[in-house]
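What follows is the residue order along each chain.
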Protein chains: 2
Amino acid sequence: MVMIPKRPFRPPAVTAREKLLDAAVLLVRAQGFAATSVDQLCGEAGVTKGAFFHHFPSKEALGVAAAQYWSASTGAFFAEAPYHARPDPVDRVLGYIDLRLALIGGQVESFSCVAGTMVQEAFRSSAAIRMACEASIMGNAAALEDDLACAIHQCGVTGTNAMSLARHVQAVIQGAFVLAKTQPEENSANLAREQLAHLRRYFTLLFHRDGEETAP
Amino acid sequence: MVMIPKRPFRPPAVTAREKLLDAAVLLVRAQGFAATSVDQLCGEAGVTKGAFFHHFPSKEALGVAAAQYWSASTGAFFAEAPYHARPDPVDRVLGYIDLRLALIGGQVESFSCVAGTMVQEAFRSSAAIRMACEASIMGNAAALEDDLACAIHQCGVTGTNAMSLARHVQAVIQGAFVLAKTQPEENSANLAREQLAHLRRYFTLLFHRDGEETAP
DNA sequence: ATCAATATACCAACCGGTTGGTATGGTGCA
DNA sequence: TGCACCATACCAACCGGTTGGTATATTGAT
């Protein structure tokens, strides 16, 4: 069992700006970006509207900042994770998947992705938000690329490459969150974990690690 | 190359109700549910607000109806598809994936999923919409279950089951759409196809069809 | 060391426009 | 004559954003 802190990866917020970004992460995960009003964000953050528009020129700008904030938080968390120390690159890749598996639990809004949620609504209406979400998700993928490249080389995998596989990891994670959101609360985590387990199996087959599969 | 009609799988709308449902599919795909206003829906459908609230008691009810409409349209389309006639169950499963691959092209909003988009925003705020989207996505999964069960039996696959694999197909598809939305228009289709190609490879490995992989 | 000048952080009240939704009236077909 | 279908006119609540203003911290010249 892994700790899933309510405000993950960070000390408590102090400035109004940080409180607003925390509120954005919370509310966007639960309701999406469009359905979250500026008043609601201020209420959740315990801050007035004046403070909001002092720190952000528009609601859209907050969306961009929230994606970057999210990216920095999660990026730091995964950079510190202990699986990086494993000697075998395949073990490191599977270690990443296992860590993501361990992070899934409780309500959907506690493990889902802010960038993935936001880009679904804003990809056409706001290029700035779309690009910030792209940077977040692709940044997450890039953090896996080196290990995947080593694993591909070591196992002699052909017909694909590290970047493509890294993106697929993110795709399965995002898809897992979408499926989880279709479920009543008590099933959502299990359904999400099931997807990561299939991804794990794909990788054990690809990297010839048969026999150590976990059954989805 | 496969026909991707602007209004997929259906003859042109005639009644106000159907025109509104078409407008809902179009606008929800492009902007999401919350960001789409009733006025906008009426404008796109060429119908007045009176007609809207004659056919639907609320915007939420339209969301539910749109998910069901979407489900019925796509369900009918895949039920008619020719891959069902293939004798080998693994071929039928791969045929489904290839069909989905062929459907991906052009702008994201022309191949993305209404149910997947809507559930991301509404899963917490509207149980009715959440359940309608669940029915749509899981109905799509169920259409694959029989073929997957045959394939699993035929190839002696252990450690998973048809339902779980069918859900994973949907998860990868939904994840592919999310990733596609992070991209500028010209890359989105390719990125989505890449995910389906990985899914295809997972299945060829699982069902021992190595050698016929398409490179992602 | 002092104090005016300036910048930063924040607040309460307010604005015009838009929102989902309603009340009512007309019209064509059974 | 009745009722499904739709159009027009309208509403209160809420939307993102602006206003004028205050409290506090920082700076720079004396």
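1. With respect to the protein's contact with DNA strand D
- Near DNA strand D, the surroundings consist of 14 residues, among which Val38(A), Lys49(A), Lys59(A), Thr48(B) and His55(B) are the closest.
- Among the atoms of DNA strand D lying within 4 Å of the protein, the sugar-phosphate backbone contributes 51%.
- At 2.8 Å from a phosphate oxygen of DNA strand D is found a main-chain nitrogen or oxygen belonging to Val38(A).
- One nitrogen or oxygen atom from the side chain of His54(B) is found 3.5 Å from a phosphate oxygen belonging to DNA strand D.
- Those elements that provide at least two residues to the surface near DNA strand D are α2 (38–45) and α3 (49–55) of chain A together with α3 (49–55) of chain B.
- Element by element, the count of residues in the surface near DNA strand D is highest for α3(B), at 4 residues.

2. Brief notes about helix α1 (residues 16–31) of chain A
All names here are of chain A.
- Helix length check: α1 (16 residues) gives 21 Å between terminal C-alpha atoms against 22 Å at 1.5 Å per residue, within 8%.
- Every buried residue belonging to α1 is among Glu18, Leu20, Leu21, Asp22, Ala23, Ala24, Val25, Leu27, Val28, Arg29 and Ala30, and all of these are buried.
- Contacts from the buried residues of α1 go to α2, α3, α4 (59–80) and α6 (114–122).

3. A look at the packing of helix α1 (residues 16–31) of chain B against helix α4 (residues 59–80) of chain B
Residues and elements named next belong to chain B.
- One can describe the packing of α1 onto α4 by two numbers: an axis separation of 9 Å at closest approach and a directional angle of 90°. The angle between the axes of α1 and α4 places the two elements in the roughly perpendicular class. Where α1 abuts α4, its residues Arg17, Glu18, Leu20, Leu21, Asp22, Ala24, Val25 and Arg29 lie against Leu62, Ala65, Ala66, Tyr69 and Trp70.

4. A word on the protein's contact with DNA strand C
- Residues in close proximity to DNA strand C total 14 residues, the closest being Thr48(A), His55(A), Val38(B), Lys49(B) and Lys59(B).
- Looking at DNA strand C alone, sugar and phosphate atoms form 53% of those within 4 Å of the protein.
- A distance of 3.3 Å separates a phosphate oxygen of DNA strand C from a polar atom in the side chain of Thr48(A).
- Contact distances for DNA strand C include 2.8 Å between a phosphate oxygen and a backbone N or O atom of Lys59(B).
- Counting residues per element, the ones that place at least two in the surface near DNA strand C are α3 of chain A together with α2 (38–45) and α3 of chain B.
- The element best represented in the surface near DNA strand C is α3(A), accounting for 4 residues.

Conventions and cut-offs
- Residue numbers restart at each chain and count upward from 1, following the sequence in its written direction.
- The naming scheme follows written order: chains are lettered A onward, ligands numbered 1 onward.
- This being a predicted model, a pLDDT of at least 70 is required before a residue's local features are given, and a value of 80 or more before pairs of side-chain atoms are given or counted; all residues contribute to the totals for chains, interfaces and linings.
- Note that the side-chain values use all heavy atoms of the structure and ignore hydrogens as well as water.
- We define proximity as follows: a residue is near a molecule or strand when any one of its heavy atoms falls within 4 Å of that partner.
- We define a polar contact as two N or O atoms separated by no more than 3.5 Å, with the added condition that, inside protein, one atom must be a possible hydrogen donor and the other a possible acceptor, whereas residues neighbouring each other in sequence contribute only through side-chain atom pairs.
- Strands are runs of DSSP state E lasting at least two residues, helices are runs of H or I lasting at least four, and both sets are numbered from the N terminus onward.
- By this rule, a helix spans an expected 1.5 Å times one less than how many residues it contains.
- Remark: exposure states derive from per-residue accessible area (1.4 Å probe, protein chains only) relative to the maximum for the residue type, with buried under 20%, exposed over 50%, and partly exposed in between.
- Residue contacts are counted whenever heavy atoms from the two residues lie within 4.5 Å of one another.
- As a rule, the C-alpha atoms of each element are fitted with a line to give its axis, helices using only the stretch in contact, and angles between N-to-C directions run from 0 to 180 degrees.
- Here the word oblique covers every angle except those under 35 degrees (roughly parallel), over 145 (roughly antiparallel) and from 65 to 115 (roughly perpendicular).

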